[in-house]
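Each chain, letter by letter, is given below.
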Amino acid sequence: MTVVEISDPSSVPFPGFDSLLVSFEELQAVITDDRYGQWQTALRSVQGIYLIADTSTGRLYVGKADGAERFLGRWSEYARNGHGGNVALRELAATDARHRQHFQFSILQVFSPSAPAAQVDAAEAHFKRALLTRQFGMNLN
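Described below are features of the structure shown in this document. Values in this document were obtained by computation on a predicted structure and should not be read as measured data.

Criteria and cut-off values
Residues numbered from 1 in each chain as written. Predicted model: local features only at pLDDT ≥ 70, side-chain atom pairs only at ≥ 80, totals over all residues. Heavy atoms only, no water. Helix = DSSP H or I, 4+ residues; strand = E, 2+ residues; numbered from the N terminus. Rg over C-alpha atoms; globule rule 2.2 N^0.38 Å. Buried < 20%, exposed > 50% of the residue type's maximum accessible area, 1.4 Å probe, protein only. Areas by Shrake-Rupley, 256 points an atom, 1.4 Å probe, with all protein chains shown as cover. Lys, Arg positive; Asp, Glu negative; His and termini not counted. Charge placed at Lys NZ, Arg CZ, Asp CG, Glu CD. Contact = heavy atoms within 4.5 Å. Pairing = 2+ DSSP bridges. Axes fitted to C-alpha atoms, helices over the stretch in contact; angles between N-to-C directions. 1 Å grid on protein atoms, 1.4 Å probe; cavity = no way out; pocket = protein on both sides within 12 Å on 5 of 7 lines; lining within 4 Å. Points joined across faces, edges and corners; volume = space filled by probe spheres on them. Nonpolar A, V, L, I, M, F, W, Y, C, P; charged D, E, K, R; others polar.

1. Here we look at the overall build of the chain
- A tally of regular secondary structure across the chain gives 5 helices and 4 strands.
- Scanning the chain from its N terminus toward the C terminus, one meets helices and strands in the order β-α-α-β-β-α-α-β-α.
- Against the compact-globule benchmark of 14 Å for 141 residues, the chain has a radius of gyration of 16 Å, which places it among compact chains.
- Overall, the chain is about 60 × 35 × 20 Å in size when its C-alpha atoms are taken along their principal axes.
- For the chain, with 141 residues in total, the buried portion stands at 38%.
- Carbon and sulfur atoms form 52% of the exposed surface of the chain, whose accessible area is close to 7,900 Å².
- For the chain, the separation between the mean place of its 13 positive charges and that of its 15 negative charges on side chains is 8 Å.

2. Overview of the side chain of T133
- By the secondary structure assignment, T133 is in the segment after helix 5 (117-130).
- Once you skip the residues sitting within four places of it in the chain, T133 turns out to touch L60, V62, K128, M138 and N139.

3. Focus on the sheet that holds strand 1 (residues 21-23)
- The strand order 1-4-2-3 describes an open sheet built from 4 strands, whose pairing is antiparallel. The strands lining the two open edges of the sheet, one partner per strand, are strand 1 and strand 3 (60-65). The average undirected angle you get between the axes of adjacent strands in this sheet is 25 degrees.
- In the sheet, strand 2 (residues 47-54) pairs with strand 3 via 6 bridges, with the strands oriented antiparallel. Each bridged residue has a counterpart across the sheet, and for Y50 the counterpart in strand 3 is G63.
- Packed on one face of the sheet, helix 5 meets strand 2, strand 3 and strand 4 (103-111) and runs near 175 degrees to strand 3.

4. Examining empty space enclosed by the protein
- By the definition in use, this model includes 1 cavity of 30 Å³ or more.
- There is about 50 Å³ of room inside the largest cavity.
- Around the largest cavity, the lining residues are N81, G82, L89, L92, A93, D96, A97, H99, R100 and F103.
- No other element matches helix 4 (residues 87-95), which puts 3 residues into the lining of the largest cavity.
- Residue classes in the lining of the largest cavity are distributed as 5 nonpolar, 3 polar and 2 charged.

As structure tokens, this is what we get:
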């Protein structure tokens, strides 16, 4: 037999954008751990809309990942500081620095890297309206 590929047995397969659901602790591993190389490649390849759910209160935050590193870049900020620079999440972190342990991350919609910014912005606004995150969640804009 010819060896076609040697795979890393510790590699964690990417579940797909529609099935992605990670805790804050898992997010930190996804961002920093080499075992999540497939995840990092996938998250770097598309832009889109994500959801952060606070599992202790049920409050939601809708955001967009549209920078140069797309989801990977945006979520790296959350993994680093727990709030990603968002006002409501920063306020929560100031009150309780460990509260980020209650955050759960998922993807609501994926766009190609070439999708117009207006399309991504419109999708973000739609999900904020549909999920009532301005009235009852953590979106202040």
